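Single-letter residue listing:
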Amino acid sequence: MAKLPRLPVPDLRKTLDRYLQSIQPFLREDEERGHSLFEASYEKRVQWVDDFEKGIGRLCQHNLHELDVRSPHNWLDDNIWTNHAYLSWRAPLLINSNWWLTFINDPSIPESILRGDTISGIEPWQVRRAAWILHRVLDWRARMVNQHPDPDTTRTGVWLLTNTEKMFNTCRLPKAGADILAARNPTSEHAQDIMLMLYDFVYTVRVCEDDRTPLSVQIIEDRIRAVVLDVIKRIESGESAVPVGVLTSDDRDRWAENYQYLVSLSSVNASTFRAINESIMALSLDHHTAMPSHYPTPTSPSSSQSSHASIPALDSDAEIHAHLHNTRSPPRARNRFFDKCLTLSLERNTRAGAMGEHAPVDALVPSIVFDYGVIAGIDSSAFSEPVPRLLTLEEASVSDDGKGWTRLDWVTDERIEAQIREAEGRAHASISNSEAGILEFGEYGADWITSVAHLPPDAYTQLALQLAWYRSRGFLTATYETTLTRMFNAGRTECVRSASVEGLNFIQAAKEWGRGADYVAEGGKHEVEPRALLPLLQHAIQTHARRTREAATGRGIDRHLLGLKLMLEELPIDGSTSVSSSSNSPSSSSPTAPKKRSHPLFTDPLFSRSQEWKLSTSGLSAGDQFRGTGFGAGWEDGYGINYLIAPHRIRFCIESKFSSPLTSTNKFKQYIADALRDMRAICEAGELELKDRKERSVDGVDTRVQARL
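Going along each chain's sequence as written, the residues are numbered from 1 onward. For this predicted model, a pLDDT threshold of at least 70 governs which residues receive local features, and a threshold of 80 or more governs which side-chain atom pairs are given and counted, while totals over whole chains, interfaces and linings are taken from all residues. With hydrogens and water set aside, each side-chain value is computed from the structure's full complement of heavy atoms.

### Some points on the pattern of salt bridges
Any Lys or Arg side-chain nitrogen found within 4 Å of a carboxyl oxygen on Asp or Glu counts as a salt bridge. All told, the structure shown has 51 salt bridges when counted by the stated rule. The salt bridge involving Glu385 is made with Arg389; its shortest N-O contact spans 2.9 Å. Here the term buried applies to any residue with accessible area under 20% of the maximum for its type, exposed to any over 50%, and partly exposed to those in between, with areas from a 1.4 Å probe on protein chains only. The class for Glu385 is partly exposed, based on a relative accessible area of 31%. Under the relative-accessibility criterion, Arg389 is labelled partly exposed at 39%. Salt bridges sharing partners connect three or more residues here, namely Arg90, Arg172, Asp179, Arg252, Asp253, Asp339 and Glu357.

### As for the pairing of strand S15 (residues 639-646)
Secondary structure follows DSSP: runs of H or I at least 4 residues long count as helices, runs of E at least 2 residues long count as strands, and numbering of each begins at the N terminus. Of all 8 residues that make up S15, 8 are buried, and the element is covered over most of its length. Here S15 shows a buried face lined by Tyr639, Ile641, Tyr643 and Ile645 and a second buried face lined by Gly640, Asn642, Leu644 and Ala646. Paired strands, in this sense, are two strands between which DSSP finds at least two bridges. The pairing of strand S13 (residues 613-619) with S15 spans 5 bridges and is parallel. Bridge pairing in S15 places Thr617 opposite Ile641. With 7 bridges joining them, S15 and strand S16 (residues 649-657) adopt antiparallel strand pairing. Counted as the bridge partner of Tyr643 is Phe652 from S16.

### Let's talk about the side chain of Thr479
With respect to the helices, strands and loops of the structure, Thr479 is situated in strand S11 (residues 478-484). Classification of Thr479 by relative accessible area gives buried; the value is 2%. Note on contacts: a residue pair is in contact if any heavy atoms of the two residues lie within 4.5 Å. Ignoring any residue separated from it by four or fewer positions in sequence, one finds Thr479 in contact with Gln462, Gln466, Val496, Arg497, Ser498, Ala499, Trp613, Leu615 and Thr617.

### Observations regarding the confidence of the model for the protein chain
Confidence of the predictor at the level of single residues is given by pLDDT, which spans 0 to 100. Taken over all residues, the pLDDT of the protein chain has a mean of 90, while the share at 70 or more is 88%. Note that pLDDT drops below 50 for residues 303-308; the model gives that stretch 13 contacts with residues more than four away or on any other chain.

### Description of the sheet that holds strand S14 (residues 626-630)
One open sheet holds the 8 strands; their spatial order is S9-S5-S4-S6-S7-S8-S1-S14, and the pairing between them is mixed. Both edges of this open sheet fall to strand S9 (405-408) and S14, since each of them pairs with a single strand only. Adjacent strand axes in the sheet meet at a mean angle of 20° when their direction is disregarded. Strand direction decides the pairing type here: strand S1 (residues 99-103) and S14, joined by 4 bridges, are antiparallel. Bridge assignment links Thr102 to a residue of S14, and that residue is Gly628. Note on method: axes are straight lines fitted to C-alpha atoms, helices fitted across the in-contact stretch only, with angles between N-to-C directions ranging 0 to 180 degrees.

The structure is reproduced here in structure tokens:
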């Protein structure tokens, strides 16, 4: 098996130089707006960088190297990133941190089921598809553990093997100040169980042998079916579940307090938490088909729970919209346990998706696993009956004695029930404030970008997003793109700073050109020929591609700057150093916060501004098995955008907040589409100009387009 190299500590001077490059577009824009002169502002930052590099920065860099020596894998992922980016964040996981994926429908399921209805209850086909997808995911897990996919595993394979293991059999545990991840216990009695939720009741179901080999899909279906029948009996007897899972959608410190209270209330709760934490993953069966009226839309920001809502047409925007929202969370955060690192969910009409806590792995890993889980539809020959039997009260009355599954109970009191009601209200408000949508841009995709425009599709898409932002807001913003450091042992991600001087040159020149919706509506005329914009676009894409290579190969800057800042804050404050090392740079400390050592490099408002990721972006695979994906915007007036580039289309999954008057997912979709159309016209016009010049070349005169890649 290939061995992965260790993630390096980047060179200090090179990181600082790249940081200086990354802030130049913001300083240039400030000068254009009359705020400050570029040269003076830039020179001040150069002085701060030089002072840091020649002074205290050397010690910080030395301490990072020392930390790396003490770390089993590397300085970043063993010590800093997971805690800083995820576990210490106190905002609710719901929308803000958890990722989500929605799957295509299974064509083997009858269309009458897929269309959905307004009836409440678990559907037999829902159980069957749950068992089928679950079995394939468990098969993947077993194959990864036993390294069956490829005996001569490549470096990418090693990365996938390692990360597949991380998302199973664990759970985020709430702790005041900073959460932790539950330790994996392969000998646990629950290590081969899944957690199953329906109607907010919680169970464990044994789905694997002790060696992790999945049980047959028929046995898994039978056991899920038995649990459903048990729930039917409980409901018929008048029992209702206390929806403790809603508390996991709350503010992390508030949930930590309630978690500890529940544990102290009864040993039953401690046992239930232990079973949840140590189980493989969660399965949530929703007893309804989500309808568009359950969730906010651009035309109707407030949702309702009307049972008389019309059923949207299959594969319509409204139907996909409801699917996307319900996978991320039901309207009141019911029937979910948001701390669980992997949750498969299915609605009554068999629409399926996944949602997970972000700390153990990034969304690419579960997307690969679920691509395998969904790509093969249900094989009826794997079941004893080609069509699943109805779930009836009569069958429930004679169902088995619980072999292979166990009820998990809660002991609660009035305090906890009041906390649940309050948490449910906060969750509903967050869900109602979230405007999530999908742009399916089908006019071209990766094939055209590479074969005709001769440009890298990811960098091209990033420039389209920046152009869309600039047209919608009129200024540049810090843009975060995730890139993987999977070539390194235990590597996760690095940030690509998409905003650049070259990018600013292009988007400023292209802002008022072409099909920009607002500009055309106002009768604007083209002041720049499209062929003149091609060199600017090419230069911008060259810069972005270079930064992506640097970040992916351990030469990114943001993780390194974070490590340096943390090392600095750990140093003692002496007489020559204050919390703020410069009178020109405001301190980030407050009178009540503990004093930490600082430096003008880090207290500079521009340092913070360069990390205000109001465009937070990430690309996955082509996503042929997914209807949509997503994660939440990191800023109230920003966007969270996951995109999937396929040969002939690009799908954008966008989230923003209704509460911000500055953002609109629905409008931003149009800005993106306009940008993509304009960029195609720019590339085509540039190629025509190039062809024309070649045809007019005579007597060996060189008429090349200088900026041609």
